[in-house]
Amino acid sequence: MVATLLHILVGFSKMADDKRKERTFIMVKPDGVQRGLVGEIMKRFEARGYKLVGCKMCQPGAEHLKEHYVDLKSKPFFPGLIEYMTSGPVVAMAWEGTDAVKQGRKMLGETKPLESQPGTIRGDFCIDVGRNICHGSDGVESAKKEIAHWFKEGELMSWTPCEFNWVYE
Ligand code: IDP
Ligand code: MG
């Protein structure tokens, strides 16, 4: 009986632990970098309690960006999107924590900045959809794919922030 209870408790704690390991891919796009908003965007994820597990500044070529946005390849704005995304360096990041994917999207705001609530990143810092300063994965599976597309295995860190037990109960 006690053993069974213990087993259930351990099971619950593992589930909570796994949830806290959800990862999302967040990127500051070339306009966000040019406009000096890298720190502002990172600050919001840090302050929320999410953990930075990968971060690099880079300027990949069109092929890499075409693959990243492959789902949009038939859209009329696709060529312009690739031109925009290759126009300068970006900051690619992986953030970890409970519900990181959905919360990350909420923190970014709507695709169209004019439809984004004030208080969101896009609602606070941009206007046009083609200059919406940041990217965030739209699902747990796409996050996994995107993180694998942007980071090599050794570029992702596994670490425990000292604040961990003050963020999670
Ligand atoms: P998301 O970035 O909010 O996930 P998606 O629909 O996946 O939005 O589109 C990817 C990116 O393509 C957008 O963030 C934006 O930069 C660009 N984009 C989307 N729709 C348009 C458009 O109608 N005109 C120009 N660019 C667009
Ligand atoms: Mg998207």
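Shown above is the structure to which this text applies.
Residue numbers run consecutively from 1 along every chain, following the written order of its sequence. Written order decides the labels, with chains lettered from A and ligands numbered from 1. Per-residue local features are limited, in this predicted model, to residues with pLDDT of at least 70; the limit for side-chain atom pairs, both in listing and counting, is 80 or more; totals at the level of whole chains, interfaces and linings are taken over all residues. Side-chain calculation: all heavy atoms of the structure are included, whereas hydrogens and water are not.

**Structural notes on the layout of surface pockets**
Link 1 in the chain: In this model, the largest pocket occupies a volume close to 690 Å³.
Link 2 in the chain: Contributing elements (two or more residues each) for the lining of the largest pocket: helix 4 (62–68), helix 5 (78–85), strand 4 (134–136) and helix 8 (140–150).
Link 3 in the chain: The numbering of helices and of strands both runs from the N terminus, where a helix is a DSSP run of H or I of at least 4 residues and a strand a run of E of at least 2. If you tally residues by element for the lining of the largest pocket, the top one is helix 8, at four residues.
Link 4 in the chain: Of the residues that constitute the lining of the largest pocket, the class distribution is seven nonpolar, ten polar and nine charged. Only protein atoms enter the calculation, which uses a 1 Å grid: trapped sets of points that fit a 1.4 Å probe without letting it out are cavities, open sets showing protein on both sides within 12 Å along at least five of seven lines are pockets, and any residue with an atom within 4 Å of a point is a lining residue. Grid points are joined across faces, edges and corners, and a volume is the space filled by probe spheres set on the points. Amino acid classes used here: Ala, Val, Leu, Ile, Met, Phe, Trp, Tyr, Cys and Pro are nonpolar; Asp, Glu, Lys and Arg are charged; the rest, including Gly, are polar.

**Some details on the packing of aromatic side chains**
Link 1 in the chain: Here a pair means two rings of Phe, Tyr or Trp (six-membered ring of Trp) with centres within 6.5 Å. Their orientation is stacked below 30 degrees between planes, edge-to-face above 60, and tilted elsewhere. Enumeration according to the criterion identifies four aromatic pairs in this entry.
Link 2 in the chain: Ring geometry for F25 versus W150: centroids 5.3 Å apart, planes at 25°, classification stacked. Note that F25 is positioned in strand 1 (residues 23–28) and W150 in helix 8, a separation of 125 residues in sequence.
Link 3 in the chain: W150 gets classed as buried once you look at its relative accessible area, which sits at 4%.
Link 4 in the chain: Between F25 and F151, the ring centres sit 6.3 Å apart and the planes meet at 75°, which makes this aromatic pair edge-to-face. Of this pair, F25 sits in strand 1 while F151 sits in the loop between helix 8 and helix 9 (164–167), placing them 126 residues apart in sequence. F151 carries the same exposure label as F25, and that label is buried. Per-residue accessibility, obtained with a 1.4 Å probe over protein chains only, is compared with the maximum for each type, and a residue is labelled buried under 20%, exposed over 50%, and partly exposed between these values.

**Topic: the site of ligand 1**
Link 1 in the chain: One heavy atom suffices: a residue is near a molecule or strand as soon as one of its heavy atoms comes within 4 Å of it. Lining the immediate surroundings of ligand 1 are K29, Y69, L72, F77, L81, Y84, R105, T111, R122, V129, G130 and N132.
Link 2 in the chain: Measuring from an oxygen atom of ligand 1, one finds a side-chain N or O atom of N132 at 2.8 Å.
Link 3 in the chain: For ligand 1, whose free accessible area comes to 530 Å², the fraction covered by protein is 75%.
Link 4 in the chain: When the residues that make up the shell around ligand 1 are grouped by side-chain class, the tally is six nonpolar, three polar and three charged. Under this definition, polar contacts are N or O atom pairs within 3.5 Å; protein pairs additionally need one hydrogen-donor-capable and one acceptor-capable atom, and for neighbouring residues in sequence, both atoms have to be side-chain atoms. All accessibility values rest on the Shrake-Rupley procedure with a 1.4 Å probe; residue burial counts only the protein chains present in the view.

**Focus: the pairing of strand 3 (residues 90–96)**
Link 1 in the chain: For strand 3, the tally of buried residues reaches seven of seven residues, placing the bulk of the element in the interior.
Link 2 in the chain: Should DSSP find at least two bridges between two strands, the strands are regarded as paired. Across six bridges, the pairing between strand 1 and strand 3 is antiparallel. Opposite M27, over in strand 3, you have A92 as the bridge partner.

**Some points on the side chain of T24**
Link 1 in the chain: Note that T24 resides in strand 1.
Link 2 in the chain: Look at T24 and you get buried, because its relative accessible area is 1%.
Link 3 in the chain: Note on contacts: a residue pair qualifies if any of its non-hydrogen atoms lie within 4.5 Å across the two residues. In contact with T24, other than residues within four places in its own chain, are M93, A94, W95, A100, V101, S137, A143 and I147.

**A few points about the pairing of strand 1**
Link 1 in the chain: With five of six residues buried, strand 1 lies mostly within the body of the structure.
Link 2 in the chain: Relative to strand 4, strand 1 is paired through three bridges, and the arrangement is antiparallel. For V28, the partnering residue across the bridge sits in strand 4 and is C134.

**Overview of helix 3 (residues 38–48)**
Since the α-helix packs 3.6 residues into each turn, any two residues three or four apart lie on the same face.
Link 1 in the chain: Of the residues making up helix 3, those classed as buried are I41, M42, R44 and F45. Looking straight down helix 3, one finds its buried side chains confined to an arc of 150°; they lie on one side.
Link 2 in the chain: Directly beyond the C-terminal end of helix 3, a positive phi value near 115° is found at G49. Relevant arc is that of directions from the helix axis to the C-beta atoms, nothing else.

**Considering the environment of I82**
Link 1 in the chain: Mapped onto the fold, I82 is located in helix 5.
Link 2 in the chain: Taking relative accessible area as the criterion, I82 reaches 7% and is therefore assigned buried.
Link 3 in the chain: A sequence separation of 14 residues divides I82 from H68, and the C-alpha atoms of the two residues are 9.9 Å apart.
Link 4 in the chain: Excluding anything up to four places from it in sequence, I82 contacts A62, L65 and K66.

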